[in-house]
There are 4 protein chains.
Amino acid sequence: MPRPLPSHPFDDDKLREECGVFGVIGVADAANFVALGLHALQHRGQEAGGIVSHDAQAGFQSARRFGYVRDTFTSASLMETLPGPLAIGHVRYSTAGSKGQTAIRDVQPFFGEFAMGGAAIAHNGNITNADALRRELIERGSIFQSSSDSECIIHLMARSLQRTIPERMEDALRRVEGAFSIVAMTRTKLIGVRDPLGVRPLVLGQLGDGHVLASETCALDIIGAGFIREIEPGEMVVINADGIESHRPFRPKRPRFCIFEHVYFSRPDSILGGRSVYETREAIGRELAKEAPVEAELVCPVPDSGTPAAIGYSLQSGIPYAMGIIRNQYMGRTFIEPTEQIRNMGVRLKLNVNRALIRGKRVILVDDSVVRGTTSQKIKEMILDAGAAEVHFRIASPPTAWPCFYGVDTPNRDKLLAATMSEEEMRAHLGVDSLRFISLDGLYRAVGEATGRNADHPQYCDACFSGEYPVEPADMIEKGFRLKAAE
Amino acid sequence: MPRPLPSHPFDDDKLREECGVFGVIGVADAANFVALGLHALQHRGQEAGGIVSHDAQAGFQSARRFGYVRDTFTSASLMETLPGPLAIGHVRYSTAGSKGQTAIRDVQPFFGEFAMGGAAIAHNGNITNADALRRELIERGSIFQSSSDSECIIHLMARSLQRTIPERMEDALRRVEGAFSIVAMTRTKLIGVRDPLGVRPLVLGQLGDGHVLASETCALDIIGAGFIREIEPGEMVVINADGIESHRPFRPKRPRFCIFEHVYFSRPDSILGGRSVYETREAIGRELAKEAPVEAELVCPVPDSGTPAAIGYSLQSGIPYAMGIIRNQYMGRTFIEPTEQIRNMGVRLKLNVNRALIRGKRVILVDDSVVRGTTSQKIKEMILDAGAAEVHFRIASPPTAWPCFYGVDTPNRDKLLAATMSEEEMRAHLGVDSLRFISLDGLYRAVGEATGRNADHPQYCDACFSGEYPVEPADMIEKGFRLKAAE
Amino acid sequence: MPRPLPSHPFDDDKLREECGVFGVIGVADAANFVALGLHALQHRGQEAGGIVSHDAQAGFQSARRFGYVRDTFTSASLMETLPGPLAIGHVRYSTAGSKGQTAIRDVQPFFGEFAMGGAAIAHNGNITNADALRRELIERGSIFQSSSDSECIIHLMARSLQRTIPERMEDALRRVEGAFSIVAMTRTKLIGVRDPLGVRPLVLGQLGDGHVLASETCALDIIGAGFIREIEPGEMVVINADGIESHRPFRPKRPRFCIFEHVYFSRPDSILGGRSVYETREAIGRELAKEAPVEAELVCPVPDSGTPAAIGYSLQSGIPYAMGIIRNQYMGRTFIEPTEQIRNMGVRLKLNVNRALIRGKRVILVDDSVVRGTTSQKIKEMILDAGAAEVHFRIASPPTAWPCFYGVDTPNRDKLLAATMSEEEMRAHLGVDSLRFISLDGLYRAVGEATGRNADHPQYCDACFSGEYPVEPADMIEKGFRLKAAE
Amino acid sequence: MPRPLPSHPFDDDKLREECGVFGVIGVADAANFVALGLHALQHRGQEAGGIVSHDAQAGFQSARRFGYVRDTFTSASLMETLPGPLAIGHVRYSTAGSKGQTAIRDVQPFFGEFAMGGAAIAHNGNITNADALRRELIERGSIFQSSSDSECIIHLMARSLQRTIPERMEDALRRVEGAFSIVAMTRTKLIGVRDPLGVRPLVLGQLGDGHVLASETCALDIIGAGFIREIEPGEMVVINADGIESHRPFRPKRPRFCIFEHVYFSRPDSILGGRSVYETREAIGRELAKEAPVEAELVCPVPDSGTPAAIGYSLQSGIPYAMGIIRNQYMGRTFIEPTEQIRNMGVRLKLNVNRALIRGKRVILVDDSVVRGTTSQKIKEMILDAGAAEVHFRIASPPTAWPCFYGVDTPNRDKLLAATMSEEEMRAHLGVDSLRFISLDGLYRAVGEATGRNADHPQYCDACFSGEYPVEPADMIEKGFRLKAAE
């Protein structure tokens, strides 16, 4: 009989950005550009997408679909139902099992009709006091239709006493806490907002005479839009035919951009802070080679996310780079109603070892992060099965020891390998010859902070590594989460 | 207004293997293993797949589906309809527009009921006298249901006077010409055949007490099967519970394996002739760096097929390897009913340049082949748009100047760039600073023939480069194709 | 060439009840009974249906589907998602083109979460001041998700200061005007309401230890429930495990039940006022035979709605009853994306004349009503084509001269044949030998009012015949509708 | 708890015609007319349909679909794929469970390519020696794709030595036995055939300059075609642009048309032998009233098939006709994946008793036939539950005691109530006050044979009543069926 195979094939064992946002104003058939932008942002949310458009004739139109943008928002017959020069869109990640299946009504953008006209809103991130706001609003007579945080903002806006929609949005934003980048629209305006810390990214681009808002620059590239600048932390831009107004609805704070966007979330061809994410990751690999050298014949990435750091490690160390693990490019997100056989296949369904290449070699495997450690373990088994002499793991991020509450799907703390084990315990657990993570200072250096992390005023949000949460996760604390200080 | 974009986004501009085959005997729920094997062979045929199984109770059962294996043959409810310890399967590529849409009845395996029981058959490759055979069979009263070559074999078997199905198959095979690897089954036997030249691959593996036939070794890996050996050119193996019989139905010839399997068709983690395809491609890159060096800051692959050769080029030349072009991993095979906007997006939908990395650099781009040259041109434009100082193309195969008639989807000869232009004309046409293809001898060296190509008795089928067809393409000649000798 | 055919095959040319409601409490898997009840009420709404259930474990669950109940709410896999001993449901008619396609979010029951728990609500009928209420609620910060009148009630309830959901509903109901029968539920209660005039029907039944609310008694029969009584005009019943409470939230008025329910809307096997609808319709036919006799060989119904009246006409007159027109029982609601050919087929797609029977005969055709007259005209043509000697139309209702604003889909007044023509003009227009409608008094007699209509205090709502609207259609008047008094 | 309900809701308890055929030549877009004709013939086969068309440009095109014609062959996008002035079509009934699910490849018309061009063929009926023919053909090298009898004819034609397709068809037909009406087509000809006994119907019509073949005249009516004549038993018509040729491929026999077509299979608006089927059924009812009178207050049909006979019974007896049982017109063919609840609902899902009407009355129920008796029993229960004083069954056909092997789906003999019980035993089994079937002579009189059945040379096929099979059911006898003579 064939020998038993490792279990659970769909365990990606990665943190997951939960959303991407995109908006366009001032070009014909704006929704088509939104569809393309969302396609470029698909890595930020693969489960579902939505687009709202506005046209003088047709008014607000919307469509929400499960599945990839390429399979849904690409048909001419659907896109014809979304006419007009103004549109926004959203892609959303499937959150983990415990939270249950997303309902189509939870797919953003969320729309509300006010006395002065309608508005649609979509966000990337998380409102950390959403539960409390929701309770308060229901108490006062609001009827909620979804479990989306965006709906809180819409209801706060509905109850605002201000006259214009942008003013009502400012009013509402002053009540919300958290980490969020918002793209919204009225009949004539495209609106972008970043939270005061600027945890989540949002960029501004130019497309002909029109303007674009996007989570990442790669989404500007796909439609041929030029990059203007990042929306600043705490900034709200209101764009219409006459140009761009900049507002500051929040009290100013020191920015704390998410450092994990550099490590994993953003696409390597996006530009953050003037440098390509790819180069930053290559720099992380170089830094890692300096911090944690080891003798070996091959440096291999865990595809695809470990690739740039592996190249950097190879370039710094002089050890040849090779594709020791091949990814099956036809692997989809998931198998519908899988057979038992498939359930037992494990990681083999999407990765295969280059057996002839690996045999007898000492191999350095570079991965971007270790979350639960389940995938790392399976990969190690595959490599050893193929006859590797030694396996050395090098991880392009510090140990992930704390959950993220700012719009990232993370396991509970007790499922995070680094929350319960030391580096040596993890090495033993994974059964590899060596295991090394980049240091937090090393990571800060790689992203361009020459002197490393400023412990008093950290330049980035690194809560998942440090346990220091720049915005109090109020709803989670109420649900029982204990801060580091409280441990 | 946004500036116009290059046209036709779906032009992959690659030769395409048309099929992959897989069969299993002697394990419970054989069809499940076939599904996994086909998933691993998906790169050989993405349009449709079929599985036939046999069970003492249920008899022959079959299912044919359009779409990826992962989306079709993974559901428990479908797979339960394919019980038994014996099953074969097939994946098929969508052939180009002119030939029209595949009908579901053209999806293999093809099944026939004979007086002594049923048999199913699937093949990878092409029967070069299929049209003539078909005419003859219809004249004698056979009713054809499909346009599949496999059906010719079934009808020849139905009219054979032999007693057993394997004997009838031998009888039939002696009438067919071409390049083909066959996987077939009766109620109790799994049968594998390679044509006398062994143009298409076929390997034999062990799975518990059972056996496996597969187009490539990567499909053994996915199910944890061990590799035994390649089926030999001209060999027919008949496998049942008692073991493996080897037959030789054909007159022996010198083997001529398809050299393009090394260049592009096979997966990099498959093993051909004892060496991983990845290593061969890396060796092609090294060879290319020796034959066609150039000064530059970066060596970048055209993803994903150019990657191993680009790594080889970098290792040989010492010029750093980098991912200058990023592939959108959510790009599907095709957009259903695409909008005009999408139709105009071109290659941007699946590739994006790492602008911040490329700017101001001299870049060597390594690709596996140039067919029509349309994609190469678009990639060059993207790289120059991003501000590259120079662009040098290095191609890991000789100029593709002749169509393949052995189971590969190729454009008409007049659409092949290399059929009508010299290397310098191609360079000028593509508008790059330099363009170099590996030499035919260089390619032979890289695949392990130390002294290069034997012009009298070439060791491989290289008709697409040389125009020397080892099997006369009889049907095509009748349709007007002119051989090199006839030009 | 085939001769041209009359146009527009889908013109049913009938008034259409827009909804049916059903609710069950106190039996296991209540939603299954709701599905069956809705199947029995399908004639009241064919476009879409929805069910909400409540279970202690699963909480509120809902499903909304387009299409027939038999095709949607019959699958075990869907029904398993609707567990619990309490459920309500709704079927809905597709309203005419001008109002556009129903969105799935407009399909009832509508659900709202209040501070003290959730509630779901569905209604049959129309709230005549819904537009005004909606404007007021938006002004005060409510966000509407649908165009359903039910949502107004939910928002009014959300803003009520009362403590319990039934109290909040009473509060809300005092603000709404119109003709409506409501079925609603909380976590533990099933609620039924009829408007003060009792325009729309609602009955109460017993199922084991549980209770049932339904638009008609035929929906009690299908699940084997016993009939208890009709909910009274202006009554609100609140049913839970302890029994049935009866409330009177409205100021009392004289009842005005819809007389058209007797003529056409209700199913012939339902019981209204102690008598089967079938018998009432047969009595209408008898009355019609007395009022408008004519010599003929055959009395034929226009199937299926004219059948009981035709039987009554035959019994009264002694002229043999016969099926001169046969209905194609495979005719669905509609053809999806019909060919031009089909578009031109007209009524022939669903009706065919019994040519051999009709030839040379004088035929009395009995139909329930004439709305636009388009179908009547086509049927007359078919009958004459088949060689009938004479065609006499007898109509089982008075001329329909006014639109209904109480939950019935009617054409604009200028499309109603009887609004613009006298009886003789209609006869000439239809081109028949005679045309007679039952008198309004005759109809009242047939439904059991021995002395006919009480002109001062009409016993029924007969606005569609008389133009006397018992509830002012406020929203419609604001949109420009002119009452009879204003003409 | 609700009381238990009778079981098995889908038991229609009727014999079922298995097919309807239709063909058109000489009008533009012939396939559209075929679709309409098949819609009119839907009662002859509800499971699936197929159309083949031919156009000079497009050649032969075909489409096969499961489901109702109105849901499949009505979309413009599908019908555009079936161009040309010549088309044939087929509807097919779902045969009972034991034979398993129809595969789409079993859906007719069946197509074959011959040396002299293609031909498509569809039939209504059954080839009684199909199994033997199939074995012989496989032995000689034919590959079968379906389990359809039509494929035997195609393979016989493929092996014929004749020159033209009509000649080959004559050749083939001389080998087949059974009861069948065939509609076939070549590139330029429409062909119709009836077996020598003319068991199954086939009529010829005129549509503009073109011609039509159809199973029944109601299918001529729907497209506005004129009726020319019935195809004669044993006749083969070959129709092309020049006109109609009549051939006689078979040895002449006395005709034996299926008498059950008059009783149940044909639509009441079709014309058989110059008289409407409706009138014949009314005459059966009159005959039944003479043979089996009884005192009662109401004559009610079991809808819909018992309606004309019930009217006849009422007219003859003077007892008022009434709709005591109402059919739910939204009842579909079947429930997909039904819940347990639905499985237990029984006949209540499609029929409901008019309780208020029935209560206290003596009721005569007229049905067309009794097959297994299961439905009759349930209807009786419903009527008694509703409080009827007496229930008298009157059946418009003699006891069905023998299975049909000529294209009708019948249960095994031991499932036929009349095969195992006398009339009195059946009455007791059903638990009704009286039960009477029309006599065989009475039925013959009602269909126009004034002197009843000619016992020596019966004028009709009445095997299902008499057990006298005019064509030997050879395949069935081989499978063990015992003829009456052999009992």
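What counts, and where the lines are drawn
- Residues numbered from 1 in each chain as written.
- Chains lettered and ligands numbered in written order.
- Predicted model: local features only at pLDDT ≥ 70, side-chain atom pairs only at ≥ 80, totals over all residues.
- Contact = placed C-beta atoms within 7 Å.
- Pairing = 2+ DSSP bridges.
- Helix = DSSP H or I, 4+ residues; strand = E, 2+ residues; numbered from the N terminus.
- Axes fitted to C-alpha atoms, helices over the stretch in contact; angles between N-to-C directions.
- pLDDT = per-residue confidence, 0-100.

Visitor: What am I meant to see in the arrangement of the chains here?
Guide: If you take every C-alpha in chain B and every C-alpha in chain C, the smallest gap between them is 14 Å, and the two do not touch. A gap remains between chain A and chain D, with no contact made and the closest C-alpha atoms lying 14 Å from each other.

Visitor: Please clarify how the sheet that holds strand 21 (residues 362–367) of chain C should be interpreted in this entry.
Guide: Two strands in a sheet stick together by hydrogen bonds in their backbones, pointing the same way (parallel) or opposite ways (antiparallel). Residue and element names in this part refer to chain C. Taking strand neighbours across the sheet as the criterion, the 4 strands line up as 18-21-22-24 in an open arrangement whose pairing is parallel. Of all strands in the sheet, those with a lone pairing partner are strand 18 (298–301) and strand 24 (434–437), marking the two edges. Sheet twist, expressed as the average angle between the axes of neighbouring strands with direction ignored, equals 20°. As judged from the 4 bridges shared by strand 18 and strand 21, these two strands associate in the parallel manner. By the bridge assignment, Leu-298 is partnered in strand 21 with Val-363. Here helix 10 (residues 307–317) sits on the sheet in contact with strand 18, strand 21 and strand 22 (390–395), set at roughly 165° to strand 18. Of the strands in this sheet, strand 21 and strand 22 are in contact with helix 13 (residues 374–385), which crosses strand 22 at around 150°.

Visitor: Please clarify how the environment of Arg-229 of chain C should be interpreted in this entry.
Guide: Assignment of secondary structure puts Arg-229 of chain C in strand 12 (residues 226–230). When the C-alpha atoms of Arg-229 of chain C and Thr-217 of chain C are compared, they prove to be 9.7 Å apart, with 12 residues separating the residues in sequence.

Visitor: Just to check I follow, could you spell out the sheet that holds strand 13 (residues 236–240) of chain C for this structure?
Guide: Residue and element names in this part refer to chain C. Here 6 strands make up an open sheet; going across it, the order is 6-7-8-9-13-14 and the pairing antiparallel. Of all the strands in the sheet, just strand 6 (110–114) and strand 14 (243–247) have a single pairing partner and so form its edges. Pairwise comparison of adjacent strand axes, ignoring direction, gives a mean angle of 20° for this sheet. Two elements, strand 9 (residues 190–194) and strand 13, share 4 bridges in a ladder whose sense is antiparallel. Looking at strand 13, one finds that Leu-190 is bridged to Ile-239.

Visitor: Would you mind showing me how to read the confidence of the model for chain A here?
Guide: Where the model shows low pLDDT, its predicted coordinates should not be examined in detail. Residue and element names in this part refer to chain A. Counting all residues, the mean pLDDT for chain A is 90, and 93% of those residues have values of 70 or more. The model gives residues 1–11 a pLDDT under 50, and that stretch makes 28 contacts with residues more than four places away or in other chains. With pLDDT under 50 throughout, residues 96–101 is counted as low confidence; its partners more than four residues away or in other chains account for 1 contact.

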